[in-house]
Amino acid sequence: MSDTHAQSVQFVRGTMIPEQDPPITEKGALKWMRENLFSSWLNAILTVLSLYVIYWVLAHILPWTVGGIWDAESLSQCRDIRDASGIDYNVACWAVITDRWHQLLFGFYPSELYWRPILALIIFGAAIAPILFETLPRKMLIVSIAAPFLAYWLLWGGSIWGPIAVAFGFGIGWAIVTYGESLLGPLGAIIGAIVVPVLYWLFLAGPVGAALQATLPIGIAQIGSNQFGGFMLAIIIGVSAIVLSLPLGILLALGRQSDLFIINKCSVIFIEVIRGVPLIVWLFTASLLLNYFLPPEVSFDLMLRVIIMVTLFASAYIAEVVRGGLAALPRGQYEGADSLGLDYWQAMRLIILPQALKISIPGIVSTFIGLFKDTTLVVFIGLLDPIGLSQAIRADSAWNGIYWELFIFIGLCFFIFCFSMSQYSQWLERKLNTGHR
């Protein structure tokens, strides 16, 4: 058998061939270009055309951008500096950014008090960190609970007892949910935890805060909402609406799927009415009509009314996104929760909602990004967001006629915020493995 095999095989190598590098066209950048840019004659033509378009765009944009002027006091001075330098093409006048950056970021907030919004932003970062990253110590959630009230006090100033009195309302709601279920039942405890704090905030929070301030006066200089503007205004409205709309949207999604007739129909009517009307209409409603629905002694300033209306608007969209996640779960998940003997809220908290929210992450973050960008619509009701401030800056005779520089700066700032949210959502999707493979 071995003789036959030896005669049939002409040559058997007894040693390994030394390793050799692959052909140059089968490795590195050349391989990538051949496979992705020049894989066919059509791709080759499109690649050449694309490179030409990129070159043409950069050839016109880069000289204008890189050769911009940063030190000038007006647009006319920028042009004088350009002409004196012998430049025969237009260049950007970035001096408007160096001259008005503080206005674009802080609006008309007093410059000597810039430390307050900066400190509020730092506190917010410390508060949101343990929520976004579960590896951080859970004790940091204490900062998350206190941050909204501290940030409000830092931004608007006034008595410290006002935010504390408002925080007490949340404590009332927590106490009703925790200890009232045995007396009121699960549904009654939830309704009481919503109704009682709202009544407290409308009628008692103000007097309680005033009484505490009279007893122990503690406060800082008060700032009016008309002094807020720029990106500080956009961040306050956007972050407040994002933080408040997520839990409200989840409750609306659960209400829409509820078997209780009143809760189901109220949730459906709220969602469909809010989603069926443009945001700008609701902003005008917040500006002109919302105060008419409040008690005579209660007066919300315009900025707070806008936050309320934007929150309600975003919550309707979040509710539909979360409802899609709930509908995507197989019926077996609900049956499994029932087989474990869990009640409705335990099943939702431990089994159903974690899976539904994982599925809904892309839609939720998309809604948040759109909401943050939609804060620019407040310019139509008299609030000076970055776009409104750019118009005010261009109305100044010193900068009349400048356009692109302001809009590029504003667009870049919005891109940083929105891109950061997008990247976090992608990281969270990878971490939670939302593909359900």
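Here, the structure is the one placed above.
A quick note: this is a predicted structure, and the numbers were derived from the prediction, not measured.

Hey, could you run me through the overall build of the chain in this one?
Counting its regular elements, the chain contains 18 helices and two strands. Since a compact globule built from 437 residues should have a radius of gyration of about 22 Å, the 30 Å found for the chain marks it as more spread out than a globular shape. With the C-alpha coordinates aligned to their principal axes, the bounding extent of the chain is approximately 105 × 80 × 40 Å. Per-residue burial over the chain gives 35% buried out of 437 residues. When contacts within the chain are restricted to residue pairs at least 6 apart in sequence, long-range pairs at least 24 apart make up 72% of them.

How should I be thinking about the side chain of Ser144 in this particular structure?
Residue placement: Ser144 occurs in helix 7 (residues 141-156). From its side chain, Ser144 meets the backbone oxygen of Ala127 in a polar contact 2.5 Å long. Beyond its immediate stretch of four places on either side in the chain, Ser144 contacts Ala127, Pro130 and Ile131.

Explain the packing of aromatic side chains here, please?
Note on aromatic pairs: each is described by the distance of the centres and the angle between the planes. Following the criterion strictly, the structure yields 18 aromatic pairs and no others. Where Trp70 meets Trp94, the ring centres are 5.7 Å apart and the plane angle is 25 degrees; that geometry is what we call stacked. One end of the pair, Trp70, is in the loop between helix 3 (41-66) and helix 4 (75-84); the other, Trp94, is in the loop between helix 4 and helix 5 (95-106), with 24 residues separating them in the sequence. An angle of 50 degrees between the planes, with centres 5.3 Å apart, marks the rings of Phe372 and Phe417 as tilted. With Phe372 in helix 16 (residues 344-374) and Phe417 in helix 18 (residues 404-432), this residue pair connects regions lying 45 residues apart in the sequence. For Phe372, a relative accessible area of 4% gives the class buried. Among the aromatic residues, those joined into a ring-pair cluster are Tyr109, Tyr152, Trp156 and Phe228. Here the basic side chain of Arg275 rests over the ring of Tyr317, its NZ or CZ set 5.5 Å away from the ring centre.

Can you walk me through the state of the cysteines in this structure?
Simply put, disulfide is the name for a covalent bond between the sulfur atoms of two cysteines. Tallied over the full model, the rule gives one disulfide. Across the disulfide from Cys78 sits Cys93; the S-S distance is 2.0 Å. Where Cys78 bonds to Cys93 through sulfur, the torsion about that S-S bond is close to 65 degrees, and the disulfide is right-handed. Of this pair, Cys78 sits in helix 4 while Cys93 sits in the loop between helix 4 and helix 5, and the two are 15 residues apart along the sequence. What makes Cys78 buried here is its relative accessible area of 4%. Using a relative accessible area of 3% as the deciding quantity, one classes Cys93 as buried. Counting only cysteine sulfurs, Cys418 is the nearest neighbor of Cys413, a cysteine outside any disulfide, at a range of 11 Å. The exposure class of Cys413 is buried, given its relative accessible area of 14%.

Mind showing me how you'd approach the packing of helix 8 (residues 161-179) against helix 9 (residues 181-203) here?
A pair of packed helices is characterised by two quantities: the angle between their axes and the separation of those axes. At a minimum axis distance of 7 Å, the contact between helix 8 and helix 9 shows a crossing angle of 170 degrees. As judged from the angle between their axes, helix 8 and helix 9 are roughly antiparallel. Every residue of helix 9 that contacts helix 8 at Ala165, Val166, Phe168, Gly169, Phe170, Ile172, Gly173, Ile176, Val177 and Tyr179 is listed here: Glu181, Ser182, Leu184, Ala189, Gly192, Ala193, Val196, Pro197, Tyr200 and Trp201. Each residue belonging to the contact of helix 8 with helix 9 can be placed in one class, and the counts come to 15 nonpolar, four polar and one charged.

Quick question: what am I supposed to make of the pattern of salt bridges here?
Opposite charge on two side chains permits them to pair, given that their charged atoms come into close proximity. Following the criterion strictly, the structure yields eight salt bridges and no others. The partner of Glu272 in a salt bridge is Arg256, and the shortest N-O contact between them spans 2.9 Å. Taken together, the residues Glu272 in helix 12 (residues 261-275) and Arg256 in helix 11 (residues 230-256) connect sequence positions 16 residues apart. Taking the relative accessible area as the measure of exposure, Glu272 reaches 36% and is therefore partly exposed. Salt bridges sharing partners connect three or more residues here, namely Arg256, Glu272, Arg275, Glu320 and Arg323.

Before we go on, may I ask you to explain the environment of Ile142 in this structure?
With respect to the helices, strands and loops of the structure, Ile142 is situated in helix 7. Taking relative accessible area as the criterion, Ile142 reaches 61% and is therefore assigned exposed. In sequence terms Ile142 and Ala127 are 15 residues apart; their C-alpha atoms lie 8.1 Å from each other.

Whenever I open this one, a nonpolar patch on the surface confuses me. Can you help?
Together, Leu187, Ile191, Ile194, Val195, Val198, Leu199, Phe203, Leu204, Val208, Leu212 and Leu260 make up a nonpolar patch on the protein surface, roughly 880 Å² of accessible area in all. Contributions of two or more residues to the nonpolar patch are made by helix 9 and helix 10 (205-215). For the nonpolar patch, the leading source of residues is helix 9, giving seven residues. Relative to the helices and strands, Leu260 resides in the loop between helix 11 and helix 12.

Quick question: what am I supposed to make of helix 8 here?
The periodicity of an α-helix, 3.6 residues per turn, causes residues three or four places apart in sequence to face the same way. Taking 1.5 Å of rise per residue, 19 residues should cover 27 Å, and helix 8 covers 26 Å from first to last C-alpha, within 8% of that figure. Where helix 8 is concerned, the buried positions are Trp161, Pro163, Ala165, Gly169, Ile172, Gly173 and Ile176. In this structure, the buried side of helix 8 is in contact with helix 7, strand 1 (158-159), helix 9 and helix 10.

Conventions and cut-offs
- Residues numbered from 1 in each chain as written.
- Predicted model: local features only at pLDDT ≥ 70, side-chain atom pairs only at ≥ 80, totals over all residues.
- Heavy atoms only, no water.
- Helix = DSSP H or I, 4+ residues; strand = E, 2+ residues; numbered from the N terminus.
- Rg over C-alpha atoms; globule rule 2.2 N^0.38 Å.
- Buried < 20%, exposed > 50% of the residue type's maximum accessible area, 1.4 Å probe, protein only.
- Contact = heavy atoms within 4.5 Å.
- Polar contact = N/O pair within 3.5 Å; in protein donor to acceptor, adjacent residues only side chain to side chain.
- Phe/Tyr/Trp six-rings, centres within 6.5 Å; stacked < 30°, edge-to-face > 60°.
- Lys NZ or Arg CZ within 6 Å of the ring centre and 35° of its normal.
- Disulfide = S-S within 2.5 Å.
- Axes fitted to C-alpha atoms, helices over the stretch in contact; angles between N-to-C directions.
- Parallel < 35°, antiparallel > 145°, perpendicular 65-115°, else oblique.
- Nonpolar A, V, L, I, M, F, W, Y, C, P; charged D, E, K, R; others polar.
- Salt bridge = Lys/Arg side-chain N within 4 Å of Asp/Glu carboxyl O.
- Patch = residues over 30% accessible without salt bridge, like charges linked within 9 Å, V, L, I, M, F, W, Y side chains within 5 Å.
- Areas by Shrake-Rupley, 256 points an atom, 1.4 Å probe, with all protein chains shown as cover.
- Expected span 1.5 Å × (residues − 1).

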